[in-house]
Amino acid sequence: MKIQKKFKISCAIAATTLSLLTSSLAIAQTAAPTTTTAAASKVEMQWLGQAGFRIVSPGGKLIVVDPWIKGGPKAPANYKADLAALGKIDILLVTHAHVDHLGDAPALAILNKTKLYGPADMVTPLITLGMIPADLGHRFNKSGNVKPSPGIKVTAVKAEHSSLIVWNNPLTSKNESHPAGEAMGYIIELENGFKIWHMGDTGLFGDMQFIAEYYKPDLVLIPIGGNFTMDPEDAAFALNTWIKPKMVIPMHYNSNPLTPGTLAEFQAAMKGSSVKIVPMTEGQTLSF
Ligand SMILES: [Zn+2]
């Protein structure tokens, strides 16, 4: 294990992070995300807050999932100031249409001329309402997979959640609610075989065990905030009983008073678990 750069962080979090770094995990901290001009040799992940992640694949492809940037209270300031600072996005994934997930994805699809991949019946209203042009929407559905770049495969999997678009009609200036299909999670397999399960927003469901057995994710991104999703105890049960991944990054907390679950509660619920917890702070970047 090597630390690529010294990482300045508050004492409490540094202690937690350092204790994790003593584990056998090959995790390195980087002070700032790399650009995609030089191919990365590892998987680089930056937490954008809530369920948002900026991932650089081992082949140097930039993947962005659930970018809630402009309205996201914990999104990195440089991205809030300029969405282009995220870099040239190769693969844009959205798990469902709630604002803290769809967020700036339509704007990023248009800015990057990149397809927005999402639940079929979410992408259709994005197109029919005029939020994205038809050629920038890719509709797929659970068990379906896409191969948006050589060596990268994204498979849609079940999430136990809902999906609704709130759209401001420019003719009336009023908000309208539109059905937006079913929420999904994603198994993201990268060029080196590393598999990330972004669970999206989800409650507990028994087929988490099937998904783990069938797709064998290395790293799970799991919601712990409660209210709209699993809470810390639910997430710990799912991880220890059904999923049993090598590593987990908790997400979907710390951005909204209606998602009160905390990292400390999650760590307490996971005490004694063989699953390595990799806590992140918003804006932080790790390499795997
Ligand atoms: Zn949601």
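Residues numbered from 1 in each chain as written. Predicted model: local features only at pLDDT ≥ 70, side-chain atom pairs only at ≥ 80, totals over all residues.

(A) Focus on the overall build of the protein chain. Along the protein chain, the regular secondary structure elements total 8 helices and 17 strands. For the protein chain, with 288 residues in total, the buried portion stands at 42%. (Helix = DSSP H or I, 4+ residues; strand = E, 2+ residues; numbered from the N terminus. Buried ≥ 20, exposed ≤ 12 C-beta atoms within 10 Å, placed from the backbone.)

(B) Just the nonpolar core, in detail. Judged by nonpolar contacts, the single largest core of 71 residues is most densely connected at Leu92, Leu93 and Ile222. A per-element tally of this core places helix H7 (residues 232–243) first, with 5 residues. (Core = buried A, V, L, I, M, F, W, Y, C linked by C-beta atoms within 7 Å.)

(C) Representation of the pairing of strand E14 (residues 219–223) in the model. With 5 of 5 residues buried, E14 lies mostly within the body of the structure. Where burial is concerned, the two faces of E14 agree: the one with Leu219, Leu221 and Pro223 and the one with Val220 and Ile222 are both buried. For strand E13 (residues 195–198) and E14, the ladder comprises 3 bridges, and the chain directions are parallel. What sits directly across from Ile196, in E14, is Leu219. For the segment spanning E13, helix H6 (residues 208–215) and E14, crossover handedness is right-handed. (Pairing = 2+ DSSP bridges. Right-handed = clockwise from strand over helix to strand, strands pointing away.)

(D) Seen up close, the pairing of strand E3 (residues 52–56). The buried fraction of E3 is high, at 5 of 5 residues. Here E3 shows no split at all, with Gly52, Arg54 and Val56 on one side and Phe53 and Ile55 on the other all buried. The pairing of strand E2 (residues 44–49) with E3 spans 5 bridges and is classified as antiparallel. Across the sheet, the residue bridging to Gln46 is Arg54, located in E3. If you look at the hairpin formed by E2 and E3, you'll find 2 residues sitting between the two strands, and Gln50 has a positive phi there, around 55 degrees. Across 4 bridges, E3 lies against strand E4 (residues 62–65) in antiparallel orientation. Residue pairing across strands places Arg54 opposite Val64, the latter belonging to E4.

(E) Highlighting H7. Listed as buried for H7 are Pro232, Ala235, Ala236, Ala238, Leu239 and Ile243. The buried residues of H7 occupy an angular sector of 160 degrees when projected down its axis, which confines them to one face. Contact partners of the buried residues in H7: H6, E14, strand E15 (247–251) and helix H8 (263–269). In the segment just after H7, Lys244 is the residue with positive phi, at about 50 degrees. (Arc of directions from axis to C-beta. Contact = placed C-beta atoms within 7 Å.)

(F) The sheet that holds strand E12 (residues 184–189), seen in detail. The strand order across the open sheet built from 7 strands is E8-E9-E12-E13-E14-E15-E16, with neighbouring strands paired in mixed fashion. The open sheet terminates on both sides in strands that have one partner only, identified here as strand E8 (145–149) and strand E16 (276–277). Strand direction decides the pairing type here: E8 and strand E9 (residues 152–158), joined by 3 bridges, are antiparallel. Counted as the bridge partner of Ser149 is Ile152 from E9.

(G) Representation of unusual backbone geometry in the model. Positive phi, close to 80 degrees, is recorded for Ser143, a residue that is not glycine. Look at Asn227: it is not a glycine, yet its phi comes out positive at around 65 degrees. Its location among the elements puts Asn227 in the loop between E14 and H7. Among the residues examined, Asn227 registers 12 C-beta atoms within 10 Å and is labelled exposed.

(H) Quick look at the confidence of the model for the protein chain. With 86% of its residues at a pLDDT of at least 70, the protein chain reaches an overall mean of 90. Predicted confidence is poor over residues 1–25, with pLDDT under 50, and the contacts of this stretch with residues over four places away or in other chains come to 23 contacts. Low pLDDT, under 50, characterises residues 36–40; the predicted model gives this stretch 13 contacts beyond four residues in sequence or across chains. (pLDDT = per-residue confidence, 0-100.)

(I) Structural detail: the packing of H6 against H7. The N-to-C vectors of H6 and H7 enclose an angle of 50 degrees; their axes lie 9 Å apart at closest approach. What the angle tells us is that H6 and H7 run oblique. Judged by the sense of rotation from one axis to the other, the crossing of H6 with H7 is right-handed. Touching Met208, Gln209 and Ala212 of H6 are Ala238, Trp242 and Ile243, all from H7. Grouping the amino acids of the contact of H6 with H7 by side-chain chemistry returns 5 nonpolar, 1 polar and no charged. (Axes fitted to C-alpha atoms, helices over the stretch in contact; angles between N-to-C directions. Parallel < 35°, antiparallel > 145°, perpendicular 65-115°, else oblique. Left-handed = near helix turned anticlockwise from the far one by under 90°. Nonpolar A, V, L, I, M, F, W, Y, C, P; charged D, E, K, R; others polar.)

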